[in-house]
Amino acid sequence: MKHEVLIITGMSGAGKTIVARSLEDNGYFCVDNLPPAILGQAIAVLKTELAEKQNIAIVIDLRAGKMFNTLEPNLKELSNAGIDYKIVFLDASDEVLIRRFKETRRKHPLATPGSSLLNDIAKERKNLEELRDLAKYIIDTSDHSATEIKSYLSKLFDETGKLPFVIQISSFGFKYGIPLDADLVIDVRFIPNPFYMSDLKLKTGLDSAVQKYVMQFPETQEFVDDYLNMLLKLLPHYIQEGKSFLGLAVGCTGGQHRSVTIAEELFKKLGIAGYAVNVQHRDMLNNQQKILRR
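Description of the structure in this document.

Below, the discussion takes up the overall build of the protein chain. Looking only at helices and strands, the protein chain has 10 helices and 10 strands in total. A compact globule built from 294 residues should have a C-alpha radius of gyration of about 19 Å, and the protein chain, at 21 Å, falls within 12% of that. Within the protein chain, buried positions represent 46% of all 294 residues. Contacts in the protein chain between residues at least 24 apart in sequence constitute 77% of all its contacts with a sequence separation of at least 6. Accessible surface, the protein chain: about 14,900 Å² in total, of which carbon and sulfur atoms supply 52%.

Below, the structure written as structure tokens:
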């Protein structure tokens, strides 16, 4: 019997409960706050008792206290036993995590008398570095509502047990840093910048006037065509190798005009080619407004 096994982990306050509930709605059997030491036993029992092909999601995080330190050795035991699993790591910015803890008035799992919340978060982030590197999926929930997260997961993990190949396109500004979850990064700063056009400066790459300006240059169209052709050749190989998620990051200086336009163009054309594609514009309005489209 084939059961998809997901290990849900990540930063405290990053949305693991939302993810677990969403997966449960999608047909997964979910276990919350499982001690890592019994991970192998739990999976073995569930595979025996659950209906054929019903998927499994297990949430393991710092609520387990000192027991959490045994997670990585127990994951190695699963691999050695031939048990296939995928790690879903939930993350969010420090600012968002602090706000969420203040809103819920919950105590951080690493809190001690006299410690600050910021220091607790920094300590947790340091402790989870190696585990984050092992993750198949890294989902940053900083700028997304619970509804958006659920919609995204519904596309990524459906109740049939299939893992559809999903392409996540993110526009960004180099001045704000490259997205951490990007697999492929392209730099479109070679395109003339609409920022210096007085009638376009305050618009974004979602405005038709900006799109027309950016796409009018022969080098722009040539670049999009060449990059798209390369992707269409590579994507079947990614799928063949078992990859089910590919992050494409498109960057310009501020993430407002050129990168947004090119990201939208790739979103449209990859969708026409039959791929499941999401697009988000991280820095489109200089962090004042974030857009996530499905």
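Now, onward.
Turning our eyes to something else, we now look at the pairing of strand β9 (residues 276-281). If a strand is regular, its side chains alternate between the two faces of the sheet. For β9, a buried count of five out of six residues is recorded, marking the element as mostly surrounded by other parts of the structure. One ladder, built from six bridges, connects strand β6 (residues 166-173) with β9; its direction is parallel. Residue pairing for β9: S170 is matched across the bridge by Q280.

Judged by nonpolar contacts, the single largest core of 50 residues is most densely connected at I7, I8, L23, L39, L75 and F157. When residues no more than four places from it in sequence are discounted, the contact partners of I8 are K16, V19, L23, A57, I58, V59, I60, V88 and L90. If you look at the next biggest cluster of nonpolar residues, it comprises 29 residues, including I169, I186, L246 and V250.

In the contact formed by helix α2 (residues 39-49) and helix α3 (residues 71-80), the axes pass within 9 Å of each other and the chain directions differ by 45°. Judged on the interaxial angle alone, α3 and α2 are oblique. When α2 is examined against α3, the residues L39, G40 and I43 are found in contact with a partner set consisting of L71, L75 and L78. Looking at the contact of α2 with α3, its residues break down into five nonpolar, one polar and no charged.

In this section: the pattern of salt bridges. Scanning all chains against the criterion turns up 15 salt bridges. Its salt-bridge partner being K86, residue E4 comes within 3.5 Å of it at the nearest N-O pair. You can see E4 sitting in the segment before β1 (5-10) and its partner K86 sitting in strand β4 (residues 86-91), a full 82 residues away along the chain. Here R63 and D61 are joined by a salt bridge, their closest N and O atoms 2.9 Å apart. Here the salt bridges share partners, and the residues they tie into one network are K16, D32, D61 and R63.

With that settled, consider the sheet that holds β4. On the basis of which strands lie adjacent, the open sheet formed by five strands has the order β2-β3-β1-β4-β5 and parallel pairing. Whereas interior strands pair on both sides, the edge strands pair on one side only; in this sheet they are β2 (29-32) and β5 (137-140). This sheet shows a mean twist of 20° between the axes of neighbouring strands, independent of strand direction. Strand direction decides the pairing type here: β2 and strand β3 (residues 56-59), joined by four bridges, are parallel. Considered in β3, the bridge of F29 is made with I56. Packing against the sheet, helix α1 (residues 16-25) makes contact with β1, β2, β3 and β4, and its axis sits at approximately 160° to β1.

Positive phi, close to 60°, is recorded for N33, a residue that is not glycine. Mapped onto the secondary structure, N33 falls in the loop between β2 and α2. N33 sits in the partly exposed class, given a relative accessible area of 30%. Of note, the phi angle at R105 is positive, near 60°, even though the residue is not glycine. Relative to the helices and strands, R105 is located in the loop between α4 (94-104) and α5 (117-127).

Rules used throughout
Residues numbered from 1 in each chain as written. Predicted model: local features only at pLDDT ≥ 70, side-chain atom pairs only at ≥ 80, totals over all residues. Heavy atoms only, no water. Helix = DSSP H or I, 4+ residues; strand = E, 2+ residues; numbered from the N terminus. Rg over C-alpha atoms; globule rule 2.2 N^0.38 Å. Buried < 20%, exposed > 50% of the residue type's maximum accessible area, 1.4 Å probe, protein only. Contact = heavy atoms within 4.5 Å. Areas by Shrake-Rupley, 256 points an atom, 1.4 Å probe, with all protein chains shown as cover. Pairing = 2+ DSSP bridges. Core = buried A, V, L, I, M, F, W, Y, C linked by side-chain atoms within 4.5 Å. Axes fitted to C-alpha atoms, helices over the stretch in contact; angles between N-to-C directions. Parallel < 35°, antiparallel > 145°, perpendicular 65-115°, else oblique. Nonpolar A, V, L, I, M, F, W, Y, C, P; charged D, E, K, R; others polar. Salt bridge = Lys/Arg side-chain N within 4 Å of Asp/Glu carboxyl O.

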